[in-house]
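Report on the structure
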Amino acid sequence: MIKNLEIFNFRCFEEISILGFNKVNLIGGKNNSGKTALLETLYLGNSPSGRTVRALLRLRNESLNFIRKLPDRAWNNFYFNQNKGELARIILINEKGTTELQFLCNNSVKKFSEVIKDKLDDGVDVRSILRLVDKEKGLLSSLIAHRHGIVIKETSLVEKANFIPTSLKLTDSNLAEEYDKAELNGRADYVLRAIRNLDESIIQIKSFSIGEPNLYLKRENQEFLPISLFGEAINKVTQFILTLVNNPHNILLIDELENGIHYTNQRNLWRMLFKLAVEFEVQIFATTHSLEMIQAFRDVWSEEGHQDMGAYIELARHIETGRIIGINHPLELLNYELQHGGKEIRGE
């Protein structure tokens, strides 16, 4: 379990240390304070691979056509202020020790082109290379940008995190496949319980392959209907509960958890997340803009058995330096701040 995190020259973080993560973590702060970037950092830090980098490019809507036109600028946005001259680092600290991931750009392009020439077409002009390096284990992955796109050379594939962004959801067929996987392993009941937290009238969930695989839900005395007809909240909760139960001993990252979820359902949702985090040994990180979601998190964190499991981290900009900082709010302090309006804990 990650306890502390340090970031240098990566994304919007010039230099930041965040201390005191726990089993279930909620991240708050103003717009543009780095909440999504923090999840991306945890995603890449725990799954340091070319595939993860490419996924982040897609999530950031960084066009492959742009990379083809300007491959020498392919990796600029991974560096604070696009400063590739400074080493970018992500340092994760847990009970077992410290892992440091380094980002090296444009190192020995000519020499490295010879190493991977069998993976490239004749005449390809390698313009920019991003190398992911574990300080202890050495090179993990290399991403080579050229005029035809990106080539990935993996030396080690590590995937210990799952990221659910606001902008991307599983296709109907992928959602059905994940449900089938959960059912095969005897974990499908967790999904129905989570859905019933949002809508008690739903009594059954099934996967059907009619045309293409899809999930169907059934209300009492009604016919089965595709899950897509039941609204954003049910679709989103189904996705992250399936991701959690199908990936034990892992890390789950959820951006803007509150989207579509009515405030009256938020406490039951947190109770399920706290329970599943323990049962499946998953560490959870979620972001929010919602004061009601923070209050619901506080209420469940305060309940018996949960007091040693939660952490609330506020991201804000230092009044003098302008740097993003991470402020850990202990439960007693969070209680006090919420009782006095709650504006400070959202960076207002």
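Residues numbered from 1 in each chain as written. Predicted model: local features only at pLDDT ≥ 70, side-chain atom pairs only at ≥ 80, totals over all residues. Heavy atoms only, no water.

Before going further, it helps to spend a moment on the packing of helix α6 (residues 188-198) against helix α7 (residues 232-246). The N-to-C vectors of α6 and α7 enclose an angle of 150°; their axes lie 9 Å apart at closest approach. With respect to α7, the element α6 is oriented roughly antiparallel. Viewed along their axes, α6 and α7 form a crossing whose handedness is right-handed. In contact with Tyr190, Val191, Ala194, Ile195 and Leu198 of α6, α7 contributes Ala233, Ile234, Val237, Thr238, Ile241, Leu242 and Val245. Residues that form the contact of α6 with α7 fall into these classes: 11 nonpolar, one polar and no charged. (Axes fitted to C-alpha atoms, helices over the stretch in contact; angles between N-to-C directions. Helix = DSSP H or I, 4+ residues; strand = E, 2+ residues; numbered from the N terminus. Parallel < 35°, antiparallel > 145°, perpendicular 65-115°, else oblique. Left-handed = near helix turned anticlockwise from the far one by under 90°. Contact = heavy atoms within 4.5 Å. Nonpolar A, V, L, I, M, F, W, Y, C, P; charged D, E, K, R; others polar.)

This next bit is on a negative patch on the surface. Together, Glu177, Asp180, Glu183 and Asp189 make up a region of like negative charge exposed at the surface. Examining the composition of the negative patch, we find that three residues originate from one element, helix α5 (residues 172-184), more than from any other. Inspection of the secondary structure puts Asp180 in helix α5. Residue class for Asp180 comes out partly exposed when judged on its relative accessible area of 37%. (Patch = residues over 30% accessible without salt bridge, like charges linked within 9 Å, V, L, I, M, F, W, Y side chains within 5 Å. Areas by Shrake-Rupley, 256 points an atom, 1.4 Å probe, with all protein chains shown as cover. Salt bridge = Lys/Arg side-chain N within 4 Å of Asp/Glu carboxyl O. Lys, Arg positive; Asp, Glu negative; His and termini not counted. Charge placed at Lys NZ, Arg CZ, Asp CG, Glu CD. Buried < 20%, exposed > 50% of the residue type's maximum accessible area, 1.4 Å probe, protein only.)

Turning our attention to helix α9 (residues 291-301). Those residues of α9 not exposed but buried are Met293, Ile294, Ala296, Phe297, Arg298, Val300 and Trp301. Where α9 is buried, its residues contact β3 (24-29), α8 (266-279), β15 (310-317), β16 (324-329) and α10 (331-339). By the N-cap criterion, in which a side-chain oxygen at the helix start approaches the backbone nitrogen of a residue two or three places on, α9 is capped by Ser290, the distance to Glu292 being 3.2 Å. (Polar contact = N/O pair within 3.5 Å; in protein donor to acceptor, adjacent residues only side chain to side chain.)

Quick look at the side chain of Glu62 now. Note on placement: Glu62 falls in the loop between α2 (50-59) and α3 (64-69). Overall, Glu62 belongs to the buried group, its relative accessible area being 19%. Aside from chain neighbours lying at most four places away, what touches Glu62 is Arg11, Leu57, Ala74 and Asn77.

Purely geometric numbers; function is a separate question.
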